[in-house]
Amino acid sequence: MAAVDWNSGDDITSTKLQAMEVGHLTEPSFATSINTTASELEFAELTIPANIAEVGMIWRLTAWGAWANTGTPTLTVRLRVGPNALASANTQQAQTGALATQSGVTNRLWIAETLIVAESIGVAGALNGPFKFKTAGVLAGSAPFINDAAEITTVMDGTASTTVDTTAANYISLTAQWSASSSSNIYLSNDFISENLV
């Protein structure tokens, strides 16, 4: 954890200082496998406690893993922000769109990352930030696709703010969804880290 400076008169037991944990892993990671379903399901989450956000605070959520499929299903990865524990009920901040995948492939690596900034706080606060998803095994499409190499595709999104009540707890979530349900359509999140950066 990065060092935090304070004056001798500061209250170092304050709730905000304890909750910030600057540059530190704030939540445990876990492995998640999404298969045999066409539902949108969460694979990584960061919680922003009530009344912790201050203007300019930044959170980072990073996840990585691999996927496999059968046939040619599409894969959609989303960034959602809001007060609901059920990620799919929250506002969609960014998404990849329906990615057309190669047929019958295995062990296609991916990484997803978002930076979320508190632009304003209060009952009508605003969170905003970029979302990036990079993966192998996707067929090239139109913007916002960026073809880095023969089989590597990067998708970037996230241009609008999401209105949230920062006096209540909020969740930053990454979700994945296959267009078809199959036990062979597997989206595996090996790990994720969530951090308070500032």
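All of these numbers come straight from a predicted model, not from anything done at the bench. (Residues numbered from 1 in each chain as written. Predicted model: local features only at pLDDT ≥ 70, side-chain atom pairs only at ≥ 80, totals over all residues. Heavy atoms only, no water.)

Q: Looking at this structure, how should I read the pairing of strand 9 (residues 125–128)?
A: Strand residues, when the strand is regular, have side chains that alternate between the two faces of the sheet. In strand 9, alternate side chains face the same way, and those of Gly-125 and Leu-127 on one face and Ala-126 and Asn-128 on the other are all buried. Here strand 8 (residues 108–120) pairs with strand 9 via three bridges, running antiparallel. Each bridged residue has a counterpart across the sheet, and for Ser-120 the counterpart in strand 9 is Ala-126. The hairpin turn running from strand 8 into strand 9, its antiparallel successor, is four residues long, and Gly-122 in that turn takes a positive phi close to 110°. When strand 9 meets strand 13 (residues 162–164), the two strands line up antiparallel, connected through three bridges. Across the sheet, residue Leu-127 finds its bridge partner in strand 13, namely Thr-162. (Buried < 20%, exposed > 50% of the residue type's maximum accessible area, 1.4 Å probe, protein only. Helix = DSSP H or I, 4+ residues; strand = E, 2+ residues; numbered from the N terminus. Pairing = 2+ DSSP bridges.)

Q: Help me understand the side chain of Ser-173 in this model?
A: Within the fold, Ser-173 resides in strand 14 (residues 170–178). Ser-173 sits in the buried class, given a relative accessible area of 1%. Here the side chain of Ser-173 touches Glu-42 through a polar contact of 2.7 Å, side chain to side chain. The residues contacting Ser-173, other than those within four sequence positions of it, are Glu-42, Ala-44, Glu-45, Leu-61, Arg-78, Leu-79, Arg-80 and Ala-87. (Polar contact = N/O pair within 3.5 Å; in protein donor to acceptor, adjacent residues only side chain to side chain. Contact = heavy atoms within 4.5 Å.)

Q: Hey, could you run me through the pattern of salt bridges in this one?
A: Any two side chains of opposite charge can pair, on the condition that their charged atoms come close. Considering all chains together, one arrives at three salt bridges under this definition. The salt bridge involving Arg-78 is made with Glu-40; its shortest N-O contact spans 3.7 Å. Placement of the pair is Arg-78 in strand 5 (residues 74–82) and Glu-40 in the loop between strand 2 (32–34) and strand 3 (41–48), with a sequence separation of 38 residues. Accessibility classification places Arg-78 together with Glu-40 in one group, the buried group. (Salt bridge = Lys/Arg side-chain N within 4 Å of Asp/Glu carboxyl O.)

Q: Looking at this model, I keep getting lost on the pairing of strand 14. Mind explaining?
A: Buried residues dominate strand 14, accounting for eight of its nine residues. Sheet analysis places strand 3 next to strand 14, joined by seven bridges and oriented antiparallel. Following the sheet pairing, Thr-47 is matched in strand 14 by Tyr-171. The pairing of strand 5 with strand 14 spans eight bridges and is classified as antiparallel. Within strand 14, the position partnered with Thr-76 by the bridge is Gln-177.

Q: Sorry, what's going on with a nonpolar patch on the surface here?
A: A surface patch of nonpolar side chains, about 230 Å² in accessible area, is lined by Trp-64, Ile-111 and Ile-193. Checked against the element boundaries, Ile-111 lands in strand 8. (Patch = residues over 30% accessible without salt bridge, like charges linked within 9 Å, V, L, I, M, F, W, Y side chains within 5 Å. Areas by Shrake-Rupley, 256 points an atom, 1.4 Å probe, with all protein chains shown as cover.)

Q: Could you clarify how one ought to interpret the environment of Thr-175 in this entry?
A: Considering the arrangement of structural elements, one finds Thr-175 in strand 14. Note: C-alpha distance between Thr-175 and Thr-76 (99 residues apart in sequence) is 8.2 Å. Once residues within four sequence positions are removed from consideration, Thr-175 is found in contact with Glu-40, Leu-41, Glu-42, Phe-43, Thr-76, Val-77, Arg-78 and Ala-87.

Q: What exactly am I supposed to notice about the environment of Pro-83 here?
A: With respect to the helices, strands and loops of the structure, Pro-83 is situated in the loop between strand 5 and strand 6 (91–95). Given the relative accessible area of 53%, Pro-83 is considered exposed. Sequence spacing of Pro-83 and Ala-169 is 86 residues, and the spatial spacing of their C-alpha atoms is 6.0 Å. The contacts of Pro-83, once residues within four sequence positions are left out, are Asn-90, Ala-169, Asn-170 and Tyr-171.

Q: Help me understand the confidence of the model for the protein in this model?
A: Within the protein, residue pLDDT values average 82, and 79% of them lie at 70 or more. Here residues 1–28 scores under 50 on pLDDT; set against residues more than four positions off or in separate chains, the count is 36 contacts. (pLDDT = per-residue confidence, 0-100.)

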